[in-house]
Amino acid sequence: MDARESDLKKDLDATLRARGELGEEYEAALVESFLEKVDQRIDDTVERRVRRQLAEQQMAAARDDRSAAPTDSWGERFGFGIVSLVLAIPLSAIGGGTGHLPGLLVAWAGIVGVNVVQAVRTDPGLFRRRKPSPDDDRES
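Residues numbered from 1 in each chain as written. Predicted model: local features only at pLDDT ≥ 70, side-chain atom pairs only at ≥ 80, totals over all residues. Heavy atoms only, no water.

## Quick word on the overall build of the chain
Reasoning step 1: A tally of helices and strands in the chain yields three helices and zero strands.
Reasoning step 2: The helix and strand sequence of the chain, counted from the amino end, reads α-α-α.
Reasoning step 3: When each of the 140 residues of the chain is scored for burial, the buried share is 11%.
Reasoning step 4: Sequence separation of 24 or more characterises 49% of the internal contacts of the chain that already satisfy a separation of 6 or more. (Helix = DSSP H or I, 4+ residues; strand = E, 2+ residues; numbered from the N terminus. Buried < 20%, exposed > 50% of the residue type's maximum accessible area, 1.4 Å probe, protein only. Contact = heavy atoms within 4.5 Å.)

Here it is in structure tokens:
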């Protein structure tokens, strides 16, 4: 039993004691007063729940807005390309020096793989087949 239920029980007990002391002529006023307290308690509970649900919806919408925003910028793509090329030089030297041609191929496969993953991350529809539009069928 939480504090609100305890308060409501105390209010009910007080109303019943007051009815016993005041008599039946005040019964309607006492019952009405108690019901107003119950209505207020219900209104407060509903208002709290509505505010909480609205806050949850606003948070979910804010999360969707953040995830819908572009995850990168031109600078990020450009920087990734530059870093990839700069790191390709020592990786090629290490792969070619230790593993000769197979080592060089493995190093470049890794470089290409990392760049493909980055490209797909920034543009998820990059490798999907484009659906032909009705304009493509037009003969000139």
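## Digging into a negative patch on the surface
Reasoning step 1: On the surface, E32, E36, D39, D43 and D44 cluster together to form a negatively charged patch.
Reasoning step 2: Looking at the element boundaries, D44 is found in helix α2 (residues 27-68). (Patch = residues over 30% accessible without salt bridge, like charges linked within 9 Å, V, L, I, M, F, W, Y side chains within 5 Å. Areas by Shrake-Rupley, 256 points an atom, 1.4 Å probe, with all protein chains shown as cover. Salt bridge = Lys/Arg side-chain N within 4 Å of Asp/Glu carboxyl O. Lys, Arg positive; Asp, Glu negative; His and termini not counted. Charge placed at Lys NZ, Arg CZ, Asp CG, Glu CD.)

## Things to note about the pattern of salt bridges
Reasoning step 1: According to the stated counting rule, one finds five salt bridges in the structure shown.
Reasoning step 2: With its nearest N and O atoms 4.0 Å apart, the salt bridge here joins D11 to R41. Here D11 is found in helix α1 (residues 3-22), whereas its partner R41 is found in helix α2, with 30 residues between them in sequence.
Reasoning step 3: A single network of salt bridges, built from pairs that share partners, joins R19, E24 and E27.

## Regarding the UniProt feature "transmembrane region" (unreviewed entry) in the chain
Reasoning step 1: In the numbering used here, UniProt assigns the "transmembrane region" (unreviewed entry) feature to residues 78-95 and 101-120.
Reasoning step 2: Between the first and last C-alpha atoms of residues 78-95 the distance is 25 Å; the span itself is 100% helix and 0% strand.
Reasoning step 3: Summarising residues 101-120: 100% helix, 0% strand, and an end-to-end C-alpha distance of 28 Å. (UniProt positions renumbered as here; feature names shortened; annotations may be inferred.)

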